[in-house]
Structures are given as C-alpha cells and as structure tokens.
Amino acid sequence: NILTVNGQFPGPTLYAYEGDTVYVKVYNRARENITIHWHGVKQPRNPWSDGPEYITQCPIQPGDTFNYKIIFSMEFGTLWWHAHSDWSRATVHGAIVVYPKHGPSSYPFPRPDQEVPIIFGEWWKEDVMEVLREFVESGGAPRNSDAYTINGQPGDLYPCSSQGMFNLNVKYGKRYLLRMVNAAMNEILFFAIANHSLTVVGADGSYTKPFTNEYVVISPGQTLDCLLEANQVLPRSHYYMAARPYSPTTSIPLDNTTTTGVVRYDNDDDDDISMTIFPSLPFYNDTIAAFEFLGGLRSLNPPLFPLTSYDTQILSTVSVNTFPCRNNSCSGPNGTRFAASMNNISFVFPSTIDILEAYYYHINGVFGTRFPSVPPFIYNFTSTDLPAILLTPEWGTEVRVIEYNSIVRVVFQGTNLVVGLDHPMHLHGFNFYILGWGFGNFDKDNDPLNYNLVDPPFRNTVLVPVNGWAAIAFKAHNPGVWFLHCHLERHLTWGMDTVFIVKDGKRIEERILPPPNHMPPCVL
C-alpha cells in the first residue's frame, strides 16, 4: 500500500502555459501530514504556496484541505511537483508541462510528433515512512531501495510479484520529446536507449542549446527535455531503455540495480521479435562520464543579468557529518549518529510555526540570521586525512537574509568528511546560472577565470562534484522565504539545508503578496 494522488503512481501531470496561474486544491485523506512543492516554479512574490513544511507553511493535517496558487512566470518545458513533508515524495510526485505562450508551434527546436513523460522513481517493499522512522531512530543510513522505476514500473530485471514494464510505441521517422524527471529519493541516474541518441533541448524549465549524447545524467530534483528520433531499421528488434545509479564511491551501500522499459516500433510483431537490444551505460562510479555530459549543457538564451559582477558571495561547505551518541549506541560510524551540514550548521526545522510566517509577522525566536558567508573552519576540504574534531557540526535554524535585487554568487564546496559524495543542491524560488565546477578545493583567485559567463546552463538544481565545487549566480528579485537544500533525501533529513530570505523591494510590486485566507494551522 502506498500514498498516491488521485490513485495514480506517478501522480497526474499538470499542464500550463507560460504566465498562467493555476489553482490546485489538495485534500489530505492520508493518515499523515502532507505538503506539496511545485519544483522549479518560481512563484513570484508568492512563497505561501511553495510548499516545504515548516519553511513556508505548516503541513496539511489529515482531513484538512489547502488551495495552492501556482504562479508561472518565465518557465518553459518540464518541471514537476512532489510532496515536501517527511519522505512522502517517494510516491507523491508527478510532472508539470509548461508550454510557451503560443503553444508547441513556437518551440525553439524541431516540433515533436509526440510528447512522453519519463519519470524515474525509487521503490521500497516496506512503507517508506517506516524506512524514514527506522534510520532516524537508529542514527544510521536508510536501508537501500529495492528497485528503481520508469513511469511506475520496475521493468523485467527484478523478481517482482507481477510483471510490468513501460512500453514506448514509436513509428519509424517520427520524433518524440521525452520529458524526464528524476523523482528518485537518493540516487543520481544514468539513462540511455539502445541504438538511439538523445538530444537535450531543455533542462529544469529552461531551453538549452541542442546537445546530442548517447546517455544522459539526471540527479534527484532535475528535469531534462530530450528529443528521440525513431530512426532504427533493424527488423524484428526491440530496444531497451534503462536507468541505473551513478555513485562515486564504493564505501556506502547502494541499490545497484537497473530499471528498464522498451521502445517498440509499430511495424514489428511481438511474436516475431528475435532480439531486444540493451543500451551501453557508463559504469556506476564513472564520474568522468557523468560530468562530461553535464559539462556539455549550455543555455540557449543570453543571461538575464550581468554575470561579470556580484553584490554578495557565499562560500558554503556541503558535508556529511556525525554526532556522538551516548555509549556509542547509534548505528552510524563508530556508534555515532549521521548528520549533514552547510557551513558546519546542521539545519533544524521549526516544529511549532513555519519560518515564512515568523518572518512575515515579525515573530522572534523561530530562526536566526547567522548563516555565515564562509566556512567557520578553513582546511583542506577534500583531504583523505581530516581530523575527527571537524566531523561534528552545530545544530541550528540559521538563515541568510539577502537584499532585494542583489546579484548573489554561491560556491558550494564538497568535503571529504565521513565520505565524499556528489550533492544535487536545489534552490526554491529561482533558477540560477551554473558558472563553473571543478574537483578539489575551490581556488578563489584562479577558478573564476574559467567561469562560463556567456551561455551557462540556467537550472534550479546543480550537481556539486564529489570532493569538488560548483559556483552559481542568481538575481534576488523574488522576495520571500526560499529553501536551499540537497535533493538527496537522506541528506535533507540529516540537515544539509538552509534558507535564503530575500527582503522586499521598495515598490508594492516588489513585496511579498499577502497570505491567503486559510493557511494550514500548526498543531502543537
């Protein structure tokens, strides 16, 4: 038994046009609290409907309802929605398709004959809320998932109780737009289709310059729009599509399985198929292959603001950490409890009021404003031999307050504390330009010289390389309270999060909208 929206897994796709406002009324008929986040929708001046629990709202209680107001602005292509409370998003998620104002005829790429959602998921045989409770109580890592899914189906490589696999029926000579969403909880994925290339034309709700490759890499939180040309003429053949995880290390447990679907040409008779061809995917720890793909993405449109200068720069470490436990009684390394942090602060969610309400109504004592601009300790972040004293962060509900309309650069620096990993960092309320990335420690004097200031990808989730760094830039023209977090769900749970509060501007149209009449109440 799983929690779903309208009985569907994945949930229903929402369709909108550029600049639309869409209302979605959520009825919570579940046994647990719920919120919904509209991932990649910037929600100008409207953080009230952004969705993360205890950040911009208290959760919708069982039996209650909330009417979300989704304000689209400059988004195009594929986005998605998902639960943003506990681990409910494992099964509560779906795609969002945003068409240009004048419809598909105005796509800046060859018009497809058909559009197909491809939603990757992660499946546990157990109740996912029990998986969450188990690892939070023990202090250890969550148990591995049992399968990955494509559009709700694991494929034929798993010993499932019933057979099922996603089938994409195509016609020779036709073009298909695959709208990909990685809704998996904890794994970055490689994806490919046998004997077919994929041409990326969009990412995270913005257009890219066409980039053709044999495979793609997509992290949790990210979306891709890819053109597929049905151009194969081998008789009596089907073609597997497959996704499997990318993980840079062998030191942590991994669900190293593969989910599959099949591309079937309409003129082939299933009874006469002689072979189904499997794609060639990079090896699961092939970091070079992962970042060669990511390095090929470029924004189609010129930057919306100057990238040569900035008003504020933040350098933040992103780390896996540990807290000591009494009598070494926890299930983390050496009896400790796993944690995670940004700039050595492991984020603590409020529990009686959300941060947006506290900020808007000037309620003290809910959050602090001491999120630092630089790490409190400067060391060789990616060293293989780090002192144990660095492992333990501070607890805190610390945010960063940002001036309206300022240009902000953020450099995420991965560390090798506990284990070095890639981190997909997602910022609510904005897309940002990915100026650059690299391995090792960020060099403030030399690395900016190699920034892409001409056509950097314009995304809402950036993959920070294992033991490396990534630099982004955004213009803070959206007043409100906006969550920033790792989209690996275990890291979010452990505290790799913070909040950016963008102050109001001087004019009325530069200020947060008033709250709706019925916000879900907090229950003590």
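Residues numbered from 1 in each chain as written. Predicted model: local features only at pLDDT ≥ 70, side-chain atom pairs only at ≥ 80, totals over all residues. Heavy atoms only, no water.

(A) Quick peek at the pairing of strand β20 (residues 337–342). The buried count for β20 comes to five of six residues, which makes it a mostly enclosed element. Here strand β19 (residues 312–323) runs beside β20; their pairing, made up of six bridges, is antiparallel. Looking across to β20, one finds that Ser319 is bridged to Ser341. (Buried < 20%, exposed > 50% of the residue type's maximum accessible area, 1.4 Å probe, protein only. Helix = DSSP H or I, 4+ residues; strand = E, 2+ residues; numbered from the N terminus. Pairing = 2+ DSSP bridges.)

(B) Structural context of the sheet that holds strand β10 (residues 175–182). Sheet architecture is open: six strands sit in the order β8-β7-β10-β15-β12-β13, paired in mixed fashion. In this open sheet, the two edge strands, each paired with only one partner strand, are β8 (147–150) and β13 (206–213). Shown here is a sheet whose adjacent strand axes are inclined to one another by a mean of 25 degrees, direction ignored. Sheet analysis places strand β12 (residues 198–203) next to strand β15 (residues 223–229), joined by four bridges and oriented antiparallel. Within the sheet, the bridge partner assigned to Thr199 lies in β15 and is Leu227. (Axes fitted to C-alpha atoms, helices over the stretch in contact; angles between N-to-C directions.)

(C) Expanded view of the domain arrangement of the protein chain. In terms of domains, the protein chain is made up of domain 1 (1–103), domain 2 (109–299) and domain 3 (312–510). Relative to domain 3, the C-alpha centre of domain 2 lies at a distance of 28 Å. Domain 2 puts 35 residues into the contact, and the matching count from domain 3 is 33 residues. Taken over both partners, the interface formed by domain 2 and domain 3 buries close to 2700 Å², and the fraction arising from carbon and sulfur atoms is 59%. Its largest share of buried area at the contact with domain 3, domain 2 owes to Asn186, Asp204 and Phe291, together 20% of the area lost on that side. There are three salt bridges connecting domain 2 and domain 3. In this structure, Lys209 and Asp455 form a salt bridge, with 2.8 Å as the shortest nitrogen-oxygen distance. The tally of links between domain 2 and domain 3 comes to 17 residue pairs in polar contact (both at pLDDT 80 or more). Looking at the side of domain 2 that touches domain 3, the elements with two or more residues in it are α1 (128–138), β13, β15 and α2 (287–295). Top element by residues in the side of domain 2 that touches domain 3 is α1. It accounts for five residues. Looking at the side of domain 2 that touches domain 3, its residues break down into 16 nonpolar, 14 polar and five charged. (Domains from an automatic or database assignment. Contact = heavy atoms within 4.5 Å. Buried area = accessible area lost by both parts, 1.4 Å probe. Salt bridge = Lys/Arg side-chain N within 4 Å of Asp/Glu carboxyl O. Polar contact = N/O pair within 3.5 Å; in protein donor to acceptor, adjacent residues only side chain to side chain. Nonpolar A, V, L, I, M, F, W, Y, C, P; charged D, E, K, R; others polar.)

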